[in-house]
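Structural features, examined
Single-letter residue listing:
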Amino acid sequence: MTGTHEGAGSVTVSPAPGSAPAAEAEPLPHGLGVSLPSADAPAKTQGTFPYAADLWAEGLLWAAILRSPHPRARILSIDTKQAAEMPGVRAVVTHEDVPGDAGHGRGTPDRPVFAKDEVRHHGEPIAAIAADHPDTARLAAAAIAVEYEVLEPVTDPQLAFEAEPLHPDGNLVRHIPLRFGDPEATGDVVVEGLYRIGRQDPAPIGAEAGLAVPRPDGGVEIYTAATDPHTDRDLAAACFGLPQDKVKVVVTGVPGATADREDPGIQLPLGLLALRTGCPVKLAATREESFLSHAHRHPTILRYRHHADGEGKLVKVEAQILMDAGAYADTSADALAAAVSFACGPYVVPHAFVEGWAVRTNNPPAGHLRGEGAMQVCAAYEGQMDKLAAKLGMEPAEIRLRNAMATGDILPTSQTVTCPAPVAELLRAVQEAPLPDLPKDAPQEEWLLPGGPEGAGDPSAVRRGVGYGVGMVHMLGAEGADEVSTATVKVNGSVATVICAAVETSSGFSTLARQIVQETLGVEEVHVAAVDTDQPPAGPACHSRHTWVSGGAVERAAKMVRTQLLQPLAHKFGMSTELLQITDGKITSYDGVLSTTVAEALNGKELWATAQCRPHPTEPLDESGQGDAFVGLAFCAIRCVADVDIELGTIRVVEMSVAQDVGRVLNPAQLRARIEAGVTQGLGAALMENLRTTRGLVRHPDLTGYPLPTSLDAPDIRIVKLVEERDVVAPFGAKPVSAAPVVAAPAAVASAVRAATGRPIGRLPIRPQAAALTPLT
């Protein structure tokens, strides 16, 4: 879709606070391959960036949500009379006040807005209140009298198969039996292992918040840090019993997102309260509410048996994978598909037999988190590779190299790996990287003990280990997901505007969109419009899909504008548009005859074009776990060096060396930052992050009881190699970069601790007692 508007002015976003006028500033390098800084960086550093918690409206009311104190209970009655009569309370809503479809959820809409007959997890919403003051709202929520019949929670996913149904849809979310090759095949060497992965929380920088504003036409506008605004709008419209055109979602500043922004459990109560009161209603969740409400990484139990020949070549992999979905399905079916499909890792396995289940329990809900499914199995299959290496007397890196996957190999799902798969190259890069000095090699430097700068341990009890983790992730959605995005590019004078509903979640899409337009049109000043649901949909911000589908849509739209711009000139000079080039705002011909500026060529016109990008289709896995389910794959290898105090069981990760398959580097600084962030998130899953529960009750739902890696915990992260082998089917040839290191890092840390201690290390995060060899006396 293209068009021109004579003399029309373009709608742009104002430059970020503190940015210098273009005329006064030295022109900066721009276009793809340049470390273009983020446009919102000045506002974020100056504290003026508009996050959802900062929003305000005239006549504002404040919301509070009453949540269940029990992981499982039958609701006998809900009495809101006392709360409704409190001074300052404007509305109280429960399940009885939901006029439309009460079910919501990312993958499966099986979660009620408010619990009706039964609560299924600790923190499930029961009611919501709107009041004149936030304290009044919280006091009113506490005044709601709920009579419960407390039931025995089912918290062990292994017991969910035989337990009574916890949900009308049953306890089994999905079962995938993967069958590949000969079930009778055996190897000369067999190793077995049991692995358990904990419940990692996305731990957002800012807790969830939102503002709902009623409209004169009976509709409502919701301002929130949504990552998939059109899906949120559709869910909200169904919940409110309104047509979609009467619900608008406006995306505010997103303080990073790795899953937590995908739960509409706050937006829906806000919209109901705004419609009920006729006033704007705001909610800023506490940190405790944040921990109780959003989805977490799936806790997983994995049992493995690996067969190999005497040379270390894999013969067969057998596995059982049990994922705890928590109380509701969410995206558990997708996570299980990734876990089962990648259960053998980036290795060539001629025979594979995997059973995967995702089940409901009364634990906190699980859902999308970077590398979901792939991270859990990576920790397990890499543990198995370490066991095989030890049993065969081989180096851990060598056994991985002997089995490394390459382009043209076959996944256990029977899908051919058509994208670049430089697994061996990545492994060799981290294997050959120089190791950090031992303390005896640098005596002039203070040695940081695993217990910290003032560590209590004895240096003689510290052992150093070197381990490896090789991970793989899929790009975009899978199993037939319709991945499509739409973008519009407008040019007026020396300014270009991009309109695309791809949400900037600190993934760098806004910066990439600017770079694409700069590269294609030679226009330095490019603005990206704010996102809302009046724009065509772009889909969710996960699996780095916006780099591919939304970036591809922006590129196509920009190329269409380029053609509109160059065609009149090419026609005038009797040449094709391919013989013209745009550089630094100037249009020149191959022979130098033509030379003009983009602004002169526009001559007061506004050019615009709208385009879509849709990758090639995929298909669901069949009843044997077979099918071309993935658009593409990305790989990462990490070598971890860790010091372990074998008396105290304390661990210090000294260095993480990373080699990654990136396709093409579009923004070097941004890419390196995302790799480092992914490694650090994986480090947290390996050593400290685990949202603990006791019989379904979340323990210490705060950032004191849930430790996160800080700058003191983060090791030296060395990116030793970036393999730029472009994926020919991807726009720009680029691959996602943030999820793959999250997948590989925990496995690498566990491998290093195994090397240091000789212990199996089958649980993440690693407990001190698992790493200690000598009992304290």
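Residues numbered from 1 in each chain as written. Predicted model: local features only at pLDDT ≥ 70, side-chain atom pairs only at ≥ 80, totals over all residues. Heavy atoms only, no water.

Quick look at the overall build of the protein now. A tally of regular secondary structure across the protein gives 16 helices and 32 strands. For 777 residues, the compact-globule estimate of 2.2 N^0.38 gives 28 Å, and the protein sits close to it at 27 Å. For the protein, the spread of C-alpha atoms along the three principal axes comes to 80 × 75 × 60 Å. Contacts in the protein between residues at least 24 apart in sequence constitute 81% of all its contacts with a sequence separation of at least 6. A total of about 29800 Å² of accessible surface is found on the protein, and carbon and sulfur atoms cover 51% of it. Across the protein, the mean location of the 64 positive side-chain charges is 1 Å away from that of the 94 negative side-chain charges. (Helix = DSSP H or I, 4+ residues; strand = E, 2+ residues; numbered from the N terminus. Rg over C-alpha atoms; globule rule 2.2 N^0.38 Å. Contact = heavy atoms within 4.5 Å. Areas by Shrake-Rupley, 256 points an atom, 1.4 Å probe, with all protein chains shown as cover. Lys, Arg positive; Asp, Glu negative; His and termini not counted. Charge placed at Lys NZ, Arg CZ, Asp CG, Glu CD.)

What follows covers the environment of Q535. Tracing the backbone shows Q535 in the loop between strand 22 (525-528) and helix 12 (545-572). Judged by relative accessible area, which is 10%, Q535 ranks as buried. Excluding its chain neighbours within four sequence positions, the residues that come into contact with Q535 are H230, I499, C500, A501 and A530. Of the polar contacts made by the side chain of Q535, one reaches the backbone oxygen of A530; its length is 2.6 Å. (Buried < 20%, exposed > 50% of the residue type's maximum accessible area, 1.4 Å probe, protein only. Polar contact = N/O pair within 3.5 Å; in protein donor to acceptor, adjacent residues only side chain to side chain.)

Closest axis-to-axis distance for the helix 11 (residues 509-521)/helix 12 pair is 9 Å, and the angle between their directions is 25°. On the basis of the axis angle, helix 11 is roughly parallel to helix 12. For the pair helix 11 and helix 12, the sense of crossing is right-handed. Residues F509, L512, A513, I516, V517, T520 and L521 of helix 11 form the contact with helix 12, whose participating residues are H546, T547, S550, G551, V554, E555, A558, K559, V561 and R562. Its residues assigned to classes, the contact of helix 11 with helix 12 shows nine nonpolar, five polar and three charged. (Axes fitted to C-alpha atoms, helices over the stretch in contact; angles between N-to-C directions. Parallel < 35°, antiparallel > 145°, perpendicular 65-115°, else oblique. Left-handed = near helix turned anticlockwise from the far one by under 90°. Nonpolar A, V, L, I, M, F, W, Y, C, P; charged D, E, K, R; others polar.)

What follows concerns the side chain of E208. Secondary-structure assignment places E208 in the loop between strand 11 (189-197) and strand 12 (209-214). Given the relative accessible area of 8%, E208 is considered buried. Of the polar contacts made by the side chain of E208, one reaches the side chain of H294; its length is 2.7 Å.

Moving on, we come to the pairing of strand 3 (residues 73-79). Here strand 3 runs beside strand 7 (residues 118-119); their pairing, made up of two bridges, is antiparallel. Along strand 7, the bridge assignment pairs R74 with E118. Examined bridge by bridge, strand 3 and strand 9 (residues 145-150) share six bridges and lie antiparallel to one another. Within the sheet, the bridge partner assigned to I75 lies in strand 9 and is Y148. (Pairing = 2+ DSSP bridges.)

It is worth spelling out the environment of A238 at this point. If you trace the backbone, A238 turns up in helix 4 (residues 229-240). Classification of A238 by relative accessible area gives partly exposed; the value is 37%. The spatial distance from the C-alpha of A238 to the C-alpha of V281 is 20 Å, given a sequence separation of 43 residues. Not counting residues within four places of it along the chain, the set of residues in contact with A238 comprises G100 and D101.

Bringing helix 14 (residues 668-687) into the picture now. With 20 residues, helix 14 ought to run about 28 Å at 1.5 Å a step, and its terminal C-alpha atoms sit 29 Å apart, in line with that. Of the residues making up helix 14, those classed as buried are L671, R674, I675, G678, V679, Q681, G682, L683, G684, A685 and A686. Buried residues along helix 14 sit in contact with helix 8 (374-392), strand 27 (630-645), strand 28 (651-661), strand 31 (716-723), helix 15 (739-757) and strand 32 (763-764). (Expected span 1.5 Å × (residues − 1).)

Backbone-to-backbone hydrogen bonds join strands into a sheet, with any given pair of strands oriented parallel or antiparallel. With respect to topology, four strands assemble into an open sheet ordered 19-27-28-31, the strand pairing being mixed. The two strands at the open ends of the sheet, each matched to only one other strand, are strand 19 (462-478) and strand 31. Here the strands of the sheet are splayed against their neighbours by 20° on average, with no regard to which way each runs. Taken together, the nine bridges between strand 27 and strand 28 define a ladder with antiparallel strand orientation. The residue of strand 28 that forms the bridge with A642 is V653.

Attention shifts here to a negative patch on the surface. A cluster of acidic side chains, namely E619, D622, E623 and D628, defines a negative patch on the protein surface. Tracing the backbone through its elements, the reader meets D622 in the loop between strand 26 (605-613) and strand 27. (Patch = residues over 30% accessible without salt bridge, like charges linked within 9 Å, V, L, I, M, F, W, Y side chains within 5 Å. Salt bridge = Lys/Arg side-chain N within 4 Å of Asp/Glu carboxyl O.)

On to the packing of helix 4 against helix 5 (residues 267-277), then. Axis separation between helix 4 and helix 5 bottoms out at 10 Å; the angle between their running directions is 45°. The angle between helix 4 and helix 5 places the two elements in the oblique class. Between helix 4 and helix 5 lies a crossing of right-handed hand. Listed contacts from helix 5 to D232, L235, A236, C239 and F240 of helix 4 are Q267, L268, G271, L272 and L275. By residue class, the composition of the contact of helix 4 with helix 5 is seven nonpolar, two polar and one charged.

Pairing in this open sheet of three strands is antiparallel, and the strands run 23-24-25 from one edge to the other. Looking at the sheet topology across the chains shown, the edges are occupied by strand 23 (580-583) and strand 25 (595-597). On average, each strand axis in the sheet is tilted by 25° relative to the strand beside it, whichever way the strands run. In this sheet, strand 24 (residues 586-589) lies alongside strand 23 in antiparallel orientation, the contact comprising four bridges. Directly across from Q581, in strand 24, lies its bridge partner T588.

Right, let's talk about unusual backbone geometry for a bit. The omega torsion across L764 and P765 is -5°, close enough to zero to call that bond cis. With respect to the secondary-structure elements, P765 resides in the loop between strand 32 and helix 16 (768-771). Positioned with a positive phi, A203 is a non-glycine residue whose angle comes to about 45°. Locating A203 in the fold gives a position in the loop between strand 11 and strand 12. For F732, which is not glycine, the phi dihedral falls at a positive 65°.

Taken over all residues, the pLDDT of the protein has a mean of 89, while the share at 70 or more is 93%. pLDDT under 50 marks residues 1-25. Its contacts with residues more than four places away, or in other chains, come to 47 contacts. (pLDDT = per-residue confidence, 0-100.)

A full pass over the atoms with the stated rule returns seven aromatic pairs. Ring geometry for F342 and F630: centres 5.0 Å apart, planes at 35°, overall tilted. Residue F342 is found in the loop between helix 7 (332-341) and strand 18 (351-360), and its partner F630 is found in strand 27; the two are separated by 288 residues along the sequence. Summarising the burial analysis for this pair, F342 and F630 share the class buried. Above the ring of F49, the side-chain terminus of K44 is found at 4.9 Å from the ring centroid. (Phe/Tyr/Trp six-rings, centres within 6.5 Å; stacked < 30°, edge-to-face > 60°. Lys NZ or Arg CZ within 6 Å of the ring centre and 35° of its normal.)

It is worth spelling out the pairing of strand 22 at this point. Where strand 21 (residues 495-500) meets strand 22, four bridges bridge the pair, whose relative direction is parallel. Bridging from a neighbouring strand, A496 pairs with V526 of strand 22. Following the chain from strand 21 across helix 11 to the adjacent parallel strand 22, one finds a crossover that is right-handed. (Right-handed = clockwise from strand over helix to strand, strands pointing away.)

This next bit is on the nonpolar core. Proteins that are soluble and globular tend to have nonpolar side chains buried together. Grouped together as the largest cluster of nonpolar side chains are 103 residues, with contacts concentrated most on Y304, I321, L633, I638 and V749. No other element matches helix 15, which puts twelve residues into this core. L633 has contacts with F342, L411, V417, C419, M472, V473, H474, M475, D661 and K735, leaving out every residue within four places of it along the chain. L476, A487, A496 and A502 belong to the second largest nonpolar core, which has 55 residues in total. (Core = buried A, V, L, I, M, F, W, Y, C linked by side-chain atoms within 4.5 Å.)

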